[in-house]
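What the coordinates show
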Amino acid sequence: MNKPGNDKDKMGLSEIMKRAQEMQKKLQDIQKQVAEMEVTGQSGGGAVKIVETGQHYAKKVTIDPNVLKEDKSVLEDLIAAAINDATDKIEKNLREKMGGIAGTKLPEGFGGNQDSQG
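Cut-offs applied
- Residues numbered from 1 in each chain as written.
- Predicted model: local features only at pLDDT ≥ 70, side-chain atom pairs only at ≥ 80, totals over all residues.
- Heavy atoms only, no water.
- Core = buried A, V, L, I, M, F, W, Y, C linked by side-chain atoms within 4.5 Å.
- Buried < 20%, exposed > 50% of the residue type's maximum accessible area, 1.4 Å probe, protein only.
- Helix = DSSP H or I, 4+ residues; strand = E, 2+ residues; numbered from the N terminus.
- Lys, Arg positive; Asp, Glu negative; His and termini not counted.
- Salt bridge = Lys/Arg side-chain N within 4 Å of Asp/Glu carboxyl O.
- Polar contact = N/O pair within 3.5 Å; in protein donor to acceptor, adjacent residues only side chain to side chain.
- Pairing = 2+ DSSP bridges.
- pLDDT = per-residue confidence, 0-100.
- Contact = heavy atoms within 4.5 Å.
- Axes fitted to C-alpha atoms, helices over the stretch in contact; angles between N-to-C directions.

Ile 30, Val 34, Met 37, Val 39, Ala 86, Ile 90, Leu 94, Met 98 and Ile 101 form the largest nonpolar core, which has nine residues in total. Of all the secondary-structure elements, those providing two or more residues to this core are helix 1 (6-36) and helix 2 (72-102). If you tally residues by element for this core, the top one is helix 2, at five residues. Within the second largest apolar cluster, seven residues are counted, among which are Val 48, Val 67, Leu 75 and Ala 82.

Our focus in this paragraph is the side chain of Glu 91. Relative to the helices and strands, Glu 91 resides in helix 2. Despite its burial, Glu 91 pairs with no opposite charge, the nearest such side chain being Arg 95 at 5.2 Å. In this structure the side chain of Glu 91 is engaged in a polar contact, spanning 3.1 Å, whose partner is the side chain of His 56.

Here strand 2 (residues 48-53) pairs with strand 3 (residues 58-63) via five bridges, running antiparallel. Counterpart to Val 51 in the pairing with strand 3 is Lys 60. With antiparallel pairing between neighbouring strands as the criterion, strand 2 and strand 3 make up a hairpin whose turn holds four residues, including His 56 at a positive phi of roughly 70°.

For His 56, which is not glycine, the phi dihedral falls at a positive 70°. Inspection of the secondary structure puts His 56 in the loop between strand 2 and strand 3. For His 56, a relative accessible area of 37% gives the class partly exposed.

To continue, consider the environment of Lys 32. Mapped onto the elements, Lys 32 comes out in helix 1. Between the C-alpha atom of Lys 32 and that of Gly 54, which follows or precedes it by 22 residues, the distance is 9.3 Å.

Turning our eyes to something else, we now look at the confidence of the model for the chain. Scored by pLDDT, the chain comes out at a mean of 81, with 75% of its residues at no less than 70. Here residues 112-118 is modelled with pLDDT under 50, and outside its nearest four sequence neighbours on either side it reaches seven contacts, counting other chains as well.

This next bit is on the sheet that holds strand 1 (residues 38-43). The three strands are arranged 1-2-3 in an open sheet whose pairing can be described as antiparallel. The open sheet has two edge strands, strand 1 and strand 3, and neither has a second partner. Going from strand to strand, the sheet's axes swing by 15° on average, the running direction of each strand aside.

Here is the structure:
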């Protein structure tokens, strides 16, 4: 014997499950997009460029030959800054894509880069 309102509860649960499956599909699509993404981070006015994948792997490094005349520490700082620039771009893109699922933007640092400065 069914209690009054029981069918309504089942409909609500069915709708929740449907929405959860849709959200899971969207998350999988975003993960795929981010994994396939490539961004270019740069520093020193473009003197150092790093191409990084959405999975944070450096794919290519380009260094202007004039930078090689600088101190080693200057080059190291420029490389680190270019890597950070690329990582920030990936994290920003991820926040924008993930925020779109819920209809709101997610807070800074959501993507796991808590120390990023934008």
